[in-house]
Amino acid sequence: MFILHLALQGCLRAREVEYGVTADTGGHIRYLLDLVAATGRNDAITRTEIVTRAFRGGPLGDGYWREVETIDDTTRLVRLRSASDAYLAKEALWQEQDSLIDALVMHIEGLDRRPDLIHAHYADAGAVAAAVKARLGIPYLFTAHSLGRVKRIAFGTDCAETQGLERRIDIEDRAIAGADAIIASSRDEAEVQYAGYSSYDPGRIRIIPPGSDLAMFAGTCSDVMVDARIDRFLADPSKPVILALARPVSKKNLAALVHAYGRCPALQTAANLVIVAGTRDDPRSLEPELAGNMAELFALIDRYDLYGSVAIPKTHAPHEVPALYAHARARRGIFVNPALNEPFGLTLLEAAASGLPLVATDSGGPNDIIEGCGNGILVDPRDPLAIGRAMLTILSDDALWDRYSQAGATAAELYDWDGHVARYAELAQAVIAPPAPVAEAPRLLLISDIDNTLLGESEAAQAFNLWHGDQHDMMFGIATGRSLHSALAILAQNQVAPPAVMITSVGSEIYHRVHGGIYVRDDAWTATIDAGWDRQAIAALLATQGDLRPQSPLEQRSHKLSYFTAGEPDIAQRIRDLLADAGFAASVIHSHGRYLDILPLAASKGTAVDYVRQRAGMRRDQVIVAGDSGNDVEMLRACAHAIIVGNYSDGLAQRPDLAHSYVARRGYAFGIMEGVAHFRAQPQPVQQRLSA
């Protein structure tokens, strides 16, 4: 494949990028360069171009006017010249779109071969890619990196940070609408941030978290020069360090961190605060947003009289970043990211791999990182007191610090660049050349739950992957309480091929795979279960129940309300009675002793499986389902060929209404394979149609 990356904003060059030199020269450039380097190790991607915008003059010099930079034998960076030759911030790039479209078309037509795929980074690149697709027919992937709607929610509409934001949101909507597939970094981005756009289509979004070369951070030694640059600010440099590493832009919310520290004397006693906020000479010479935020930080240090307790070094080089983390780790410190929204959180991964516990915003990618690694605390970034409490909790508990520090090593396994590129290349190939549909209709439908059924034991999952590849007469699907993107992400982590059908959110959503990892939402199913569903009124009623605690916003769906319970055995029936007395018809499912889901009455894993069966034109005796817990009961009860895996919970094997089920001797995916073999061997009509 020949992939052309289009990234128009910021100061992009092949080597020694000056991160933070402008407000737009940040993480998206780091991601792009690391991605390109990693794709060079993947045989499926044979040629790469990075196309950006040329500009010259001013304090940035003429280095960004050079047309071509060679990176290696198969990769180069190309700069397009547009109507203006000046550096433009992202808010002004829309003015250059027409000239950039013409320049990119001309560039492509002058190549010896056309790119197979364009990967557009940020809104304006997405709009340009959409126009080029219309002219030349080249498909494109879109990565937003950050979205205007999120910024508008964070800052409101009446401030300098959101000027021109409506135009940007319109441009993003166009980029989203035309994209053949969208790459998101986190569930929050895929399911919450994109959901506000009119062109939102969850089936075209794939979560592929960026990788990171984290090996260089584990066990890194501190550097005397870096230590000295920090220590000169501090009265007692030996104290633990609260470290933040971010550009001083408003969305990074560094002021909230200083407020949290300044308002907590116990925190000031326990640790020093170190903020590494890009590179500056005279702060007044920075761009207005950067200069304003630096001025606010200095003012807050003075307001809280934090001299001798806060360090804000003037500069750092990219190669010194590991030493910054090592400096904090050596002092048993923590890493904090208080951003109003963090689409991914690369610095969190680096800090985790370095052995630093984390305190991070609960908006964006940190949810996935801390859930996967179990190495920190999520906080509301708008609540300085909550930020302060979380930091003090870790710093004052040595056992907790040790546990979080050791857990960070998991990051290197979960966020590996080679794994990222493997999934990236698979998605790109599917967009470029979708596989031909299978001519022979499947004769067996296997639907399995994910957590503690298909997954939960690595050896069993690996065996299932090999076994599944040999089941040529079988259509495989998933029925899970997870959302689509959460389910796809964990399946990908376990190398499970994308299933043909995804029944998600406890049966309230159904998606059918078109090709690769691209899915189409079954809107007919949504319309079917919507009848009589009054989500807002049910949520208001349940808000009066003090013993129900809402799960995170990521777990709430248009046709699913999710809560934590205290595990009372009669909680499900009590809530059913409450809803019935109020005139609401809904399905109530309690599982694992603590999870409560409220769904439309017509929605369940069981009804969804039967809908999929009918859509596929299959008989009831051609369906096998597998589950382990209470939220699988409807599915297991409704199907004659039901498998209860050996590691079941919620007393499934003792339920009279599930007496027809096969209770596997083995657990997890081993139990699924055992159960399928059992039903294949039965001398009944299913066997006449389905040879083993």
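In this text, all values refer to a predicted model and were calculated from it rather than measured experimentally. (Residues numbered from 1 in each chain as written. Predicted model: local features only at pLDDT ≥ 70, side-chain atom pairs only at ≥ 80, totals over all residues. Heavy atoms only, no water.)

Asker: If you had to explain the pairing of strand E19 (residues 518-521) to someone new, which residues and values would you point to?
Answerer: Examined bridge by bridge, strand E18 (residues 509-515) and E19 share four bridges and lie antiparallel to one another. Within E19, the position partnered with Arg513 by the bridge is Tyr519. In this antiparallel pair of consecutive strands, E18 and E19, the connection spans two residues, and Gly516 shows a positive phi of 50°. (Pairing = 2+ DSSP bridges. Helix = DSSP H or I, 4+ residues; strand = E, 2+ residues; numbered from the N terminus.)

Asker: How would you explain helix H10 (residues 288-303) if you had to name every residue and give the values?
Answerer: Its 16 residues place the ends of H10 22 Å apart at the C-alpha level, agreeing with the 22 Å of an ideal helix rising 1.5 Å per residue. Listing the buried residues of H10 in full gives Leu290, Ala291, Asn293, Met294, Leu297, Leu300 and Ile301. For H10, the secondary structure elements touched by its buried residues are helix H8 (254-262) and strand E11 (310-311). Two residues or fewer past H10, Asp305 is found with a positive phi of approximately 55°. (Expected span 1.5 Å × (residues − 1). Buried < 20%, exposed > 50% of the residue type's maximum accessible area, 1.4 Å probe, protein only. Contact = heavy atoms within 4.5 Å.)

Asker: So what's going on with the sheet that holds strand E23 (residues 595-600)? Residues and values would help.
Answerer: Judged by pairing direction, the sheet is antiparallel, and its four strands sit side by side in the order E20-E21-E23-E22 without closing on themselves. Strands at the two margins of the open sheet, each flanked by one partner only, are strand E20 (549-550) and strand E22 (586-591). When E22 meets E23, the two strands line up antiparallel, connected through six bridges. In the sheet register, Ile589 faces E23, and the bridge partner there is Asp597. The strands touched by helix H22 (residues 571-581) are E22 and E23; relative to E22, the strand with the most contacts, the crossing angle is about 165°. (Axes fitted to C-alpha atoms, helices over the stretch in contact; angles between N-to-C directions.)

Asker: Got a sec to walk through the confidence of the model for the chain? Specific residues and values, please.
Answerer: Averaged over every residue, the pLDDT of the chain is 91; the share at 70 or more is 97%. Taken as a whole, residues 687-692 scores under 50 in pLDDT and shows 14 contacts with residues more than four places along the chain or in a different chain. (pLDDT = per-residue confidence, 0-100.)

Asker: Before we move on, could you go through the sheet that holds E18 and cite the residues and values that matter?
Answerer: Pairing in this open sheet of eight strands is mixed, and the strands run E19-E18-E17-E16-E15-E24-E25-E26 from one edge to the other. The open sheet terminates on both sides in strands that have one partner only, identified here as E19 and strand E26 (662-663). Across four bridges, the pairing between strand E15 (residues 444-448) and strand E24 (residues 623-627) is parallel. Within E24, the position partnered with Ser448 by the bridge is Ala626.

Asker: Let's hear about the pattern of salt bridges: which residues, and what values?
Answerer: Scanning the entire structure with this criterion turns up 42 salt bridges. Measuring nitrogen to oxygen at the nearest pair gives 3.0 Å for the salt bridge that ties Asp418 to Arg41. Of this pair, Asp418 sits in helix H17 (residues 417-432) while Arg41 sits in the loop between helix H1 (27-39) and strand E2 (47-53); the two residues are 377 residues apart in sequence, bridging distant segments of the chain. Here Asp657 makes a salt bridge to Arg655, at a shortest N to O gap of 2.9 Å. Under the relative-accessibility criterion, Asp657 is labelled partly exposed at 27%. Taken together, the shared-partner salt bridges connect Arg187, Glu191, Glu509, Glu555 and Arg557 into one network. (Salt bridge = Lys/Arg side-chain N within 4 Å of Asp/Glu carboxyl O.)

Asker: Outline the packing of H1 against H17, supporting the account with residue identities and numerical values.
Answerer: In the contact formed by H1 and H17, the axes pass within 9 Å of each other and the chain directions differ by 80°. In this view, H1 runs roughly perpendicular relative to H17, as classed from their interaxial angle. Contact residues: Tyr31, Asp34, Leu35, Ala38 and Thr39 in H1; Trp417, His420, Val421 and Tyr424 in H17. A per-class count over the contact of H1 with H17 returns six nonpolar, two polar and one charged. (Parallel < 35°, antiparallel > 145°, perpendicular 65-115°, else oblique. Nonpolar A, V, L, I, M, F, W, Y, C, P; charged D, E, K, R; others polar.)

Asker: Outline the side chain of Ser448, supporting the account with residue identities and numerical values.
Answerer: Topologically, Ser448 is positioned in strand E15. Taking the relative accessible area as the measure of exposure, Ser448 reaches 0% and is therefore buried. With residues near it in sequence (within four places) discarded, Ser448 still touches Thr453, Leu454, Phe476, Gly477, Ile478, Ala479, Ala626 and Ile672.

Asker: Can you explain helix H3 (residues 123-136)? Please cite residues and give values.
Answerer: The first and last C-alpha atoms of H3 sit 20 Å apart over 14 residues, in line with the 20 Å expected at 1.5 Å per residue. The secondary structure elements touched by the buried residues of H3 are strand E1 (2-7), helix H2 (97-109), strand E5 (117-121), strand E6 (140-143) and helix H5 (165-178). Directly after H3, the chain includes Gly137, whose backbone phi takes a positive value near 80°.

Asker: Summarise empty space enclosed by the protein; cite the residues concerned and give the values.
Answerer: Here the idea is plain: a probe the size of a water molecule rolls over the atoms and shows the empty space left. Counted according to the given criterion, the structure contains five cavities of 30 Å³ or more. A volume near 70 Å³ is recorded for the second largest cavity. Counting residues per element, the lining of the second largest cavity draws most heavily on helix H23 (residues 605-615), which supplies four residues. The class makeup of the residues in the lining of the second largest cavity is five nonpolar, one polar and three charged. (1 Å grid on protein atoms, 1.4 Å probe; cavity = no way out; pocket = protein on both sides within 12 Å on 5 of 7 lines; lining within 4 Å. Points joined across faces, edges and corners; volume = space filled by probe spheres on them.)

Asker: Tell me about the packing of aromatic side chains, and name the residues and values.
Answerer: Tallied over the entire structure, the rule returns ten aromatic pairs. Measuring from ring centre to ring centre gives 6.0 Å for Tyr31 and Trp417, while their planes differ by 40°; the resulting arrangement is tilted. In this pair, Tyr31 is assigned in helix H1 and Trp417 in helix H17, connecting sequence segments 386 residues apart. One exposure class covers both Tyr31 and Trp417, and it is buried. Measuring from ring centre to ring centre gives 6.0 Å for Phe564 and Tyr595, while their planes differ by 50°; the resulting arrangement is tilted. Remark: Tyr595 occurs in strand E23 and Phe564 occurs in strand E21 (residues 561-564); sequence separation between them is 31 residues. (Phe/Tyr/Trp six-rings, centres within 6.5 Å; stacked < 30°, edge-to-face > 60°.)

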